[in-house]
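Spelled out from the first residue to the last, the chains are:
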Amino acid sequence: MKIIETNMAPNPRRVRIFLAEKGIEIPFEQTELNVENTSSAEFRAKNPMGQVPILVLDDGECISESMAICRYFEALQPQPRLMGDGAVQIARIEMWNRRVELAAFFSIAQAFRHLHPKMVKREVPQVAAWGEANKGKALAAMEMMDRQLLKSEYIAGDTFSVADITLLVAVDFMGAARLDRSKELVGLGRWYESVSARPSAAA
């Protein structure tokens, strides 16, 4: 079993943090995220989307998409539970993880992909107006996260979860997208300082 990833990409980092929280060690194989590599027949046979991370099981089956990989390991080793325990908590964590993904992470990624010079070959065509529009969407999403974090210790309640992992990676990804996190978002700031201090954040 191994995970094919690119160390600098945000989605593989979600999986690394998740595994670090669970204390699971697995080999990582690094790959270059360039058009020539990810569009090759060999790579597309593993993931037709041409993205990382990819979990390669012992029988050769490949599982891609960060949350699918995390769900696999949550089922394999439930403790500590990062996707919830009980119907309400599981649903609440799923709800906030999706909100973070769709409102924050997606917008940050779109700003990065459509405005960063290094993405010219991968994002065809780059649409600068769309990238700029997503800057505002990302900042609005952070305000929503801040309002929630003024009410609870973690984004989905009183327990650290996969939703916090997604949000941490999204906030850190803002730097690559040339977005500044407002210091006025005190709930988000308090939370960020706390989760960044966890050993898993360095994964």
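Being a predicted model, the structure only gives us computed values, none of them experimental.

Basis of the calculations
Residue positions within a chain follow its written sequence, with the count starting from 1. Only residues with pLDDT of at least 70 are given local features in this predicted model, and only at 80 or more are side-chain atom pairs given and counted; all residues enter the totals for whole chains, interfaces and linings. Working from all heavy atoms in the structure, the side-chain values ignore hydrogens and water. By the criteria applied, helices consist of DSSP H or I runs no shorter than four residues and strands consist of E runs no shorter than two, each listed in order from the N terminus. Type-normalised accessible area, obtained with a 1.4 Å probe on protein chains alone, sets the label of each residue: buried when under 20%, exposed when over 50%, and partly exposed for intermediate values. Contacts are assigned to residue pairs that have any heavy atoms within 4.5 Å of one another. Two N or O atoms count as a polar contact when they lie within 3.5 Å, although within protein this holds only if one can serve as hydrogen donor and the other as acceptor, and sequence-adjacent residues are included solely when both atoms are side-chain atoms. In this analysis, the expected span of each helix is defined as 1.5 Å times one less than the number of residues it contains. Pairing between strands requires that DSSP locate at least two bridges from one strand to the other. Axes, fitted as lines to C-alpha atoms, cover a helix only where it is in contact. Angles between the N-to-C directions of the axes lie from 0 to 180 degrees.

Draft legend 1. Representation of unusual backbone geometry. Cis rather than trans, the peptide bond between Val-52 and Pro-53 has omega equal to 10 degrees. Relative to the helices and strands, Pro-53 is located in the loop between helix H3 (41-46) and strand E3 (54-56). Geometrically, the link from Gln-79 to Pro-80 is a cis peptide bond, its omega value of -10 degrees lying close to zero. For Pro-80, the position within the fold is in the loop between helix H4 (66-76) and helix H5 (87-115). Unlike most non-glycine residues, Glu-65 shows phi in positive territory, near 80 degrees. Considering the arrangement of structural elements, one finds Glu-65 in the loop between strand E4 (62-64) and H4. Unusually for a residue other than glycine, Arg-178 sits at a positive phi of about 60 degrees. The topology assignment puts Arg-178 in the loop between helix H7 (162-176) and helix H8 (186-196). For Arg-178, a relative accessible area of 57% translates into the label exposed.

Draft legend 2. The environment of Lys-2, seen in detail. With respect to the helices and strands, the residue Lys-2 is situated in strand E1 (residues 2-5). The exposure class assigned to Lys-2 is partly exposed, which follows from its relative accessible area of 28%. Along the backbone, Lys-2 and Pro-27 are 25 residues apart, and their C-alpha atoms lie at a distance of 5.0 Å. Sequence-distant contacts of Lys-2, that is, excluding residues within four places in its chain, are made with Ile-26, Pro-27, Glu-29, Ile-54, Leu-55 and Val-56. Looking at Lys-2, its side chain comes within polar contact range of the side chain of Glu-29, at 2.5 Å.

Draft legend 3. Representation of the environment of Phe-112 within the structure. Within the secondary structure layout, Phe-112 lies in helix H5. Separated by 68 residues in sequence, Phe-112 and Arg-44 place their C-alpha atoms 23 Å apart. Ignoring sequence-local partners within four residues, the contact set of Phe-112 consists of Met-119, Phe-173, Ala-176 and Ala-177.

Draft legend 4. Just helix H1 (residues 10-22), in detail. Taking 1.5 Å per residue, 13 residues should reach 18 Å; H1 reaches 19 Å between its end C-alpha atoms and fits that length. Most of H1 sits inside the fold, with 11 of its 13 residues counted as buried. Those residues of H1 not exposed but buried are Pro-10, Pro-12, Arg-13, Arg-14, Val-15, Arg-16, Ile-17, Phe-18, Leu-19, Glu-21 and Lys-22. Summarising the contacts, the buried residues of H1 are in contact with E1, strand E2 (28-30), H4, H5 and H7.

Draft legend 5. Expanded view of the sheet that holds E4. As summarised here, the arrangement of the 4 strands in space is E2-E1-E3-E4, forming an open sheet in which the pairing is mixed. At either end of the open sheet lies a strand with only one pairing partner, and these are E2 and E4. Across this sheet, the average inter-strand angle for adjacent strands is 25 degrees, counted without regard to direction. Where E1 lies against E3, 3 bridges are found, and the strand directions are antiparallel. What sits directly across from Lys-2, in E3, is Val-56. Seen against the sheet, H4 touches E1, E3 and E4 and runs at an angle of roughly 120 degrees to E4.

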